[in-house]
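Single-letter residue listing:
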There are 2 protein chains.
Amino acid sequence: MKTLKVALLGCGNVGSQVARILLEDAEDLAARVGARLKLAGIAVRNPDAPREADLPRELFTTDAEALIASADIVIELMGGLEPAGTLVRSAIAHGAAVVTGNKALLAAQGHDLSALAEEAGVQLSYEAAVAGAIPILRPIAESLAGDHITKVMGIVNGTTNFILDAMDTTGAAFGDVLAEAQRLGYAEADPTADVGGHDAAAKAAILAALSFHTTVDAADVHCEGITSITADDVAAAQEAGYVIKLLAIAERLPAADGSDGISVRVHPTLIPRLHPLASVHGAFNAVFVEAENAGQLMFYGQGAGGRPTASAVLGDTVALARRLVIGGRGRTRSHDVTIPALPIAQTTTSYYIGLEAKDQPGVLARIAQIFAAHGVSIETMRQTTHPVADGSGDSATLRIGTHRGPEAALAATVAEIEQLDVVTAVTSVLRVEGN
Amino acid sequence: MKTLKVALLGCGNVGSQVARILLEDAEDLAARVGARLKLAGIAVRNPDAPREADLPRELFTTDAEALIASADIVIELMGGLEPAGTLVRSAIAHGAAVVTGNKALLAAQGHDLSALAEEAGVQLSYEAAVAGAIPILRPIAESLAGDHITKVMGIVNGTTNFILDAMDTTGAAFGDVLAEAQRLGYAEADPTADVGGHDAAAKAAILAALSFHTTVDAADVHCEGITSITADDVAAAQEAGYVIKLLAIAERLPAADGSDGISVRVHPTLIPRLHPLASVHGAFNAVFVEAENAGQLMFYGQGAGGRPTASAVLGDTVALARRLVIGGRGRTRSHDVTIPALPIAQTTTSYYIGLEAKDQPGVLARIAQIFAAHGVSIETMRQTTHPVADGSGDSATLRIGTHRGPEAALAATVAEIEQLDVVTAVTSVLRVEGN
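None of the values given here were measured: they were computed from a predicted structure. (Residues numbered from 1 in each chain as written. Chains lettered and ligands numbered in written order. Predicted model: local features only at pLDDT ≥ 70, side-chain atom pairs only at ≥ 80, totals over all residues. Heavy atoms only, no water.)

*Asks:* Any chance you could explain the UniProt feature "domain: ACT" (unreviewed entry) in chain A here in plain terms?
*Replies:* According to UniProt, the "domain: ACT" (unreviewed entry) feature falls on residues 352-434 of chain A. Along residues 352-434 of chain A one finds 29% helix and 46% strand; the C-alpha atoms at either end are 13 Å apart. (UniProt positions renumbered as here; feature names shortened; annotations may be inferred. Helix = DSSP H or I, 4+ residues; strand = E, 2+ residues; numbered from the N terminus.)

In structure tokens form, the structure reads like this:
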């Protein structure tokens, strides 16, 4: 039986589990591949740092380039743009098959790296980069290769789903839940990448590129986080039969001139409680896919964590290794098309708007008039009144749901309503999907 | 650009959609494959029968063998064992790559056909055979190839899920809902294959074989249908926080002697209402997978219908065609192991039992004693009393949930309880999963 040398770059949470499984499960992996997978070494900055798994000291090295030079398969789990990018390029140049879970690198340079790999005739796989253990990239790229994906909506960040789910369940405020999530290890000390939506945006770019056979610049992803979501937003959503989720959305839409465009965006989103994505709780991830023939699909599982992510890395590794054993090139990218990414203003969405207004005759009519002037169609309107704290009379709370319409018109409607003298405050504006 | 000739065998619900897409979408498919996919012909029994899609009459032929002889790719969508089996063998012998959605053929002869295809160095794919549009076989065989699947539980028959979901929602009786399902086209005039669990059993055999890298004889699948499920069962399940689903279950379990075994079974099952499978409504399918490292995964989508199933067929077709374009053998099966299928009596399950007993002192103690004598541990017990119709006094309704235990002990416990003079009737015995 042949032996394939595996070089592991990085040995954090995921890397240490990958190393452990390569060592502990060597026999089963060999049976599945038809060749032995030999962990040749693990490149790290500090070989003496404590690791999650108990790994032989002699495997560690600081010389990543030397390790790569003799490897058949390189697994990159360092994260970040550099030195990961240089080392992945080096692996491709040496003719090694590459597995990476580095979403930042892929979002920024995935297209270039894929082109390099194809040119060199080597395989490049990155299932672990989006939604951890969930097989989503392979189904999109292969199982749905004979269909047309029209829309992808994913809960692809466990931290924000944990926070929003806890706010939904307990009614607590964002700050309190974030602090609890940090205490439990679900959120990092600096939670910006998660709660700001940036982690989800990188994954949205990768999902969109694969789904639509195009290239997506990470800078083209419209990104809103969840930091401004209040307990009131959550309560209002519940009342209306919705739950708030941070969604990474990639959607094919006609541009204003009728040509084809895609919208790639991350924002807090109201989805109906009966939608499959609504039942994704805690730190779980799920990706909902709509395709012309397949219809609605959903893929659900653990989106992070050492062992689940290692499972995805090893799935890629076994697939690449099998191909090395049986010979022939790895699968090629489907031929690229270029579809422009539309700015958020050119997308089609629907809004759910909360506002406070003076409780006096004619207010509703003036608000409704602004919607009509912008061509925005109101689907639902609920009004309740309550006394104002300073005793000056009653205030009206309005909740307005719109039909789908041009985002620019919706935004302009809200901006104009905010200027109305009878409107005290627009308290919440959230987009709605899945109706 | 190269042209690959595609022979289509069968032109029913799915076949006509596959033909339509091959014709209408030729340009996009060519871009994804890197070669043109030319529909060379469609073999059917009666070329003049009415079809769902509007297809050129000259494509039809009754000479399947002649069509196969000149094809690069053969898509078999005839269903049934013969002549499908002979034609698939013929395609393999001619060196054509084969796509099939024929679950009956695969459940009965999948192992032989895979071996034949491997020997001949040709590709054989059958994603459409299980759960229609849902990409499930590829994720199991490839994405999870570096993990160990421990259990698969699938809602893989849309008809029975439609019926059970309607019973759960409306409280109606099985017979009434079945009649309505037949009227709406969700159930066939002869519903035996669906409601008897046989369709799900064939899919369970395919799922188990792929998940555990072994061979599964369709005759080893324990199969119970849903015909005996009553409105009372459904109501009792609701009261206890469960929903009843027909599940195809494949599970790795230690045999009595401690060696490895698998249990492959289909039966109505109580699952907790918060379990991801509980929110699979109507005719939708879903497959829940547990793996050692990945943890819990679920794949959800449409399990039947012409267009969704055609999506899966075309996914396979594009993947096989790409491989033909870039050269090299198709992926090989992972090396087989032989794991014995355990009879249902040797599996581990838990029961939820409903029974009627005389409302007199000591009854509960006698029942509890029988559980204890068989080593079966009771998890929950609820008792309510109600007057007997003939006015002879009160009757006690008992609902007993057990912990997981050996199926044989659970069955023996129920058999002995049925013999108790104080027990009027055991009204319901259902297995529980997902706790």
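From this point, the discussion proceeds with the structure in view.
*Asks:* Help me out: how do you make sense of the packing of helix H1 (residues 13-24) of chain B against helix H12 (residues 306-326) of chain B in this one?
*Replies:* Angle between the axes and distance between the axes: these two values describe a pair of packed helices. Residue and element names in this part refer to chain B. Closest axis-to-axis distance for the H1/H12 pair is 8 Å, and the angle between their directions is 60 degrees. Put simply, H1 runs oblique to H12. Regarding H1 and H12, the two cross each other, and that crossing is right-handed. Along the contact surface, H1 presents Asn 13, Val 14, Gln 17, Val 18, Arg 20, Ile 21 and Leu 22, while H12 presents Gly 306, Arg 307, Thr 309, Ala 310, Val 313 and Leu 314. Its residues assigned to classes, the contact of H1 with H12 shows 7 nonpolar, 4 polar and 2 charged. (Axes fitted to C-alpha atoms, helices over the stretch in contact; angles between N-to-C directions. Parallel < 35°, antiparallel > 145°, perpendicular 65-115°, else oblique. Left-handed = near helix turned anticlockwise from the far one by under 90°. Contact = heavy atoms within 4.5 Å. Nonpolar A, V, L, I, M, F, W, Y, C, P; charged D, E, K, R; others polar.)

*Asks:* Looking at this structure, how should I read the sheet that holds strand S3 (residues 60-61) of chain B?
*Replies:* Adjacent strands of a sheet form backbone hydrogen bonds with each other and so pair up, either parallel or antiparallel. All names here are of chain B. Strand order across the open sheet formed by 6 strands is S3-S2-S1-S4-S5-S6, with parallel pairing between neighbours. Each of the sheet's edge strands pairs with one partner strand only, and the pair in question is S3 and strand S6 (124-125). Bridging between strand S1 (residues 3-9) and strand S4 (residues 73-76) involves 4 bridges; their strand directions are parallel. Each bridged residue has a counterpart across the sheet, and for Leu 9 the counterpart in S4 is Glu 76. (Pairing = 2+ DSSP bridges.)

*Asks:* What's the story with the domain arrangement of chain A in this structure? I'm lost.
*Replies:* A common measure of how large an interface is: the accessible area buried when the components associate. We note that the domain assignment places domain 1 (3-130 + 306-326), domain 2 (137-302) and domain 3 (347-432) within chain A. Of note, the centres of domain 1 of chain A and domain 3 of chain A, computed from C-alpha atoms alone, are 53 Å apart. (Domains from an automatic or database assignment.)

*Asks:* Looking at this structure, how should I read the interface of chain B and chain A?
*Replies:* Each side of the interface is counted separately: chain B has 54 residues, and chain A has 53 residues. Together chain B and chain A conceal approximately 4600 Å² of surface at their shared face, both sides included; 51% is due to carbon and sulfur atoms. It is Arg 32, Asn 293 and Tyr 300 of chain B that lose the most area in chain B upon contact with chain A, and together they represent 15% of the buried surface on that side. Linking Glu 142 of chain A and Arg 138 of chain B is a salt bridge whose minimum nitrogen-to-oxygen distance equals 3.1 Å. Linking chain B with chain A are 26 residue pairs in polar contact (both at pLDDT 80 or more), by the criterion used here. Sort the elements by how many residues they give to the side of chain B that touches chain A and H12 of chain B lands first, with 9 residues. Of the residues contributing to the side of chain B that touches chain A, the split by class is 21 nonpolar, 19 polar and 14 charged. In this structure, strand S12 (residues 295-302) of chain A lies alongside strand S12 (residues 295-302) of chain B, joined through 3 bridges in antiparallel fashion. Across the sheet, the residue bridging to Met 298 of chain A is Tyr 300 of chain B, located in S12 of chain B. (Buried area = accessible area lost by both parts, 1.4 Å probe. Salt bridge = Lys/Arg side-chain N within 4 Å of Asp/Glu carboxyl O. Polar contact = N/O pair within 3.5 Å; in protein donor to acceptor, adjacent residues only side chain to side chain.)

*Asks:* How do you make sense of the UniProt feature "binding site: L-homoserine" (unreviewed entry) in chain A when you look at a structure like this?
*Replies:* Residue and element names in this part refer to chain A. According to UniProt, the "binding site: L-homoserine" (unreviewed entry) feature falls on Glu 188. Within the element layout of this structure, Glu 188 appears in the loop between helix H8 (174-184) and helix H9 (192-195). Taking relative accessible area as the criterion, Glu 188 reaches 53% and is therefore assigned exposed. Not counting the four nearest positions on each side in its chain, Glu 188 is found in contact with Gln 182 and Asp 194. (Buried < 20%, exposed > 50% of the residue type's maximum accessible area, 1.4 Å probe, protein only.)

*Asks:* Just checking my understanding: could you explain the relation of the copies chain B and chain A for this structure?
*Replies:* Each of the two chain copies can be brought onto the other by rotation about an axis and movement along it. Taken as rigid bodies, chain B and chain A are interconverted by a rotation of 180 degrees and an axial shift of 0.0 Å, the fit giving an RMSD of 0.0 Å. Viewed as a symmetry operation, the transformation between the two copies matches a two-fold axis. Closest approach to the rotation axis within chain B is made by the C-alpha atom of Gly 328 of chain B, at a distance of 2.1 Å. Comparing interface residues between copies, 98% of those in chain B also sit at the interface in chain A, which points to an isologous, same-surface contact. (Least-squares fit on C-alpha atoms with pLDDT ≥ 70 in both.)

*Asks:* Please explain the sheet that holds strand S2 (residues 36-43) of chain A as it appears in this structure.
*Replies:* Residue and element names in this part refer to chain A. Spatially, 6 strands are ordered S3-S2-S1-S4-S5-S6 in an open sheet, and the strand pairing comes out parallel. Looking along the sheet, the strands with just one partner apiece sit at the ends: strand S3 (60-61) and strand S6 (124-125). Direction of pairing for strand S4 (residues 73-76) relative to strand S5 (residues 97-100): parallel, over a ladder of 4 bridges. Looking at the pairing, Ile 75 lines up with Val 99 of S5. Helix H12 (residues 306-326) rests against strand S1 (3-9), S2, S4, S5 and S6 of the sheet, and its axis sits at about 170 degrees to S5.

*Asks:* So what exactly am I meant to see when it comes to the environment of His 275 of chain B here?
*Replies:* Residue and element names in this part refer to chain B. With respect to the helices and strands, His 275 occurs in the loop between strand S10 (260-272) and strand S11 (284-291). Spatially, the C-alpha atoms of His 275 and Ala 172 are 23 Å apart, while their sequence positions differ by 103 residues. For His 275, the residues in contact, after removing those within four places along its chain, are Met 153, Phe 288 and Gly 434.

*Asks:* Whenever I open this one, the side chain of Thr 100 of chain B confuses me. Can you help?
*Replies:* All names here are of chain B. For Thr 100, the position within the fold is in strand S5 (residues 97-100). Taking the relative accessible area as the measure of exposure, Thr 100 reaches 1% and is therefore buried. A distance of 2.6 Å separates the side chain of Thr 100 from the side chain of Glu 76, its partner in a polar contact. Leaving out residues up to four positions away in the same chain, Thr 100 has contacts with Glu 76, Leu 106, Leu 124, Ser 125 and Tyr 126.

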